[in-house]
Amino acid sequence: MKCLLVDDEPGIREGLAMLLRRRGFEVTTAGDCAAAAAALDAQNFDVVVTDWRLPDGTAVRFAASCPCPVLAVSGHPEEVEQIGAIREALAKPVRPQQLLDRIAACVQSDDAEATGPELARDVRRVVDDVLAQLPEGTAVTCHDDGTFVVLRAKVQDGVGGIRHLGGDLRLVGEGDRRELELRLCRDGSADPETLVVPIGGSWPADEEFALDCTGVDATEQTFSAWCESVAKRNAAGGRICLLNVPQELEPITAVWETTHDMPMRGHVGPRLSAELAELWS
């Protein structure tokens, strides 16, 4: 767990840092608001523990924009309790075990409020790749219901030039409501309406379908030839996706710039029936 510890007293700061490191935390320290803000810009943290009054102001200067829980320690906790950016105010002097308990409670509460399960590593790779190409400050939402991951971003112009490792990337809406939408399926299946055929079988003439690579037993040369055919048909206006590409064959998809809707190899469970999906929503 990554913790940013902010205190202008070196003895207190280093003493608490040593305590947290012994308990398994990865600790970054800062001595004032400016250093804390710089640390938050440089990396992500799971929790921030900070003194309230610092040499260059109060902790609200950086806590207001902090995406993780912030615990403030103060000799005057009544000053802090009504600040919305502060998850919890602890009165000085704080006992070490009390601090550890409150950190654990805040982080667990933050995890419980998160919507949907954590993105699997390969899914996050696809999402992060698209996010990295969006202009700084773009408003983005990401919803993961365990089956589909849907990323939406407010955009002003088209999506030309944005490459992606997989999924269905398109523009939706009109005018001020136009959004870039990336839709991924977590369980390796295509959208329910999409025709799915084995990659080694007979390919239909449809412009849009998916090739399932589950259990494919092909040489690199054969798989490369398939990817070349997919690339040519997509370049001609088709929409062919590769599903469940074996890990050892993934580099070939990059050579031919073919995409696969879901780079996961394993299935995460059955798809919800229409009746249950309606109740779930």
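Rules behind the numbers
Residues numbered from 1 in each chain as written. Predicted model: local features only at pLDDT ≥ 70, side-chain atom pairs only at ≥ 80, totals over all residues. Heavy atoms only, no water. Helix = DSSP H or I, 4+ residues; strand = E, 2+ residues; numbered from the N terminus. Polar contact = N/O pair within 3.5 Å; in protein donor to acceptor, adjacent residues only side chain to side chain. Contact = heavy atoms within 4.5 Å. Phe/Tyr/Trp six-rings, centres within 6.5 Å; stacked < 30°, edge-to-face > 60°. Buried < 20%, exposed > 50% of the residue type's maximum accessible area, 1.4 Å probe, protein only. pLDDT = per-residue confidence, 0-100. Pairing = 2+ DSSP bridges. Right-handed = clockwise from strand over helix to strand, strands pointing away. Axes fitted to C-alpha atoms, helices over the stretch in contact; angles between N-to-C directions. Core = buried A, V, L, I, M, F, W, Y, C linked by side-chain atoms within 4.5 Å.

Attention shifts here to the side chain of Glu 88. Here Glu 88 lies in strand β7 (residues 88-91). Within the local environment of Glu 88, its side chain forms a polar contact with the side chain of Arg 102, the two groups lying 2.8 Å apart. Beyond its immediate stretch of four places on either side in the chain, Glu 88 contacts Val 70, Leu 71, Ala 72, Arg 102 and Cys 106.

This next bit is on the packing of aromatic side chains. As enumerated under the stated definition, the model contains two aromatic pairs in all. Look at Trp 203 and Phe 209: their rings are 6.4 Å apart centre to centre, the planes differ by 65°, and that puts the pair in the edge-to-face class. Take Phe 209: its relative accessible area is 0%, and that puts it in the buried class. Relative to Trp 226, the ring of Phe 223 lies with its centre 6.4 Å away and its plane at 80°, an arrangement referred to as edge-to-face. Residue Phe 223 and its partner Trp 226 are located together in helix α6 (residues 220-235), separated by three residues, close to a single helical turn. On the basis of relative accessibility, which here comes to 21%, the residue Trp 226 falls in the partly exposed class.

Looking at where Glu 26 falls in the secondary structure, it is placed in strand β2 (residues 26-30). With 22 residues separating them along the chain, Glu 26 and Leu 4 place their C-alpha atoms 8.6 Å apart.

In the predicted model, the chain carries a mean pLDDT of 77, and 78% of its residues have values of at least 70. Here residues 261-281 scores under 50 on pLDDT; set against residues more than four positions off or in separate chains, the count is 48 contacts.

A separate point is the pairing of β2. Relative to β2, strand β1 (residues 2-6) runs parallel, the two sharing five bridges. Across the sheet, Cys 3 pairs through a bridge with Val 27, a residue of β2. A crossover connection joins β1 to the parallel β2 through helix α1 (residues 10-22); in handedness this β-α-β unit is right-handed.

Two strands in a sheet stick together by hydrogen bonds in their backbones, pointing the same way (parallel) or opposite ways (antiparallel). A sheet is described by the order of its strands in space; here five strands give the open sequence β2-β1-β3-β6-β7, paired in parallel fashion. Lying at the two open borders of the sheet, with one neighbouring strand each, are β2 and β7. With strand direction ignored, the average angle separating the axes of adjacent strands in the sheet is 20°. Across the face of the sheet, α1 comes into contact with β1 and β2 while running at roughly 170° to β2. This element, helix α2 (residues 33-42), spans β1, β2 and β3 (47-51) of the sheet and lies at about 165° to β1.

On to the nonpolar core, then. Among the nonpolar cores identified, the biggest contains 20 residues, and Leu 4, Val 6, Leu 40, Val 48, Phe 62 and Ile 86 are the most heavily contacted of them. Where this core is concerned, the elements lending two or more residues are β1, α2, α3 (60-63) and β6 (70-74). Among the elements that make up this core, the one with the highest residue count is α2 (four residues). Excluding residues within four positions of it along the chain, Leu 4 makes contact with Thr 28, Thr 29, Ala 30, Ala 36, Ala 39, Leu 40, Phe 45, Val 47, Val 48 and Val 49. Listed in part, the 18 residues of the second largest apolar core include Leu 20, Phe 25, Val 27 and Val 49.

Residue Pro 93 is reached from Lys 92 by a cis peptide bond, and omega for that bond is -5°. Within the fold, Pro 93 resides in the loop between β7 and α4 (96-113).

Here the focus is the pairing of strand β13 (residues 208-212). Put simply, side chains in a regular strand alternate between the two faces of the sheet. Strand direction decides the pairing type here: strand β12 (residues 196-198) and β13, joined by three bridges, are parallel. Note that in β13 the partner of Val 197 across the bridge is Leu 211. Bridge count for β13 against strand β14 (residues 239-243) is five bridges, and the pairing is parallel. Among the inter-strand pairings, Glu 208 is bridged to a residue of β14, identified as Arg 239. Remark: the β13/α6/β14 crossover connection has right-handed handedness.

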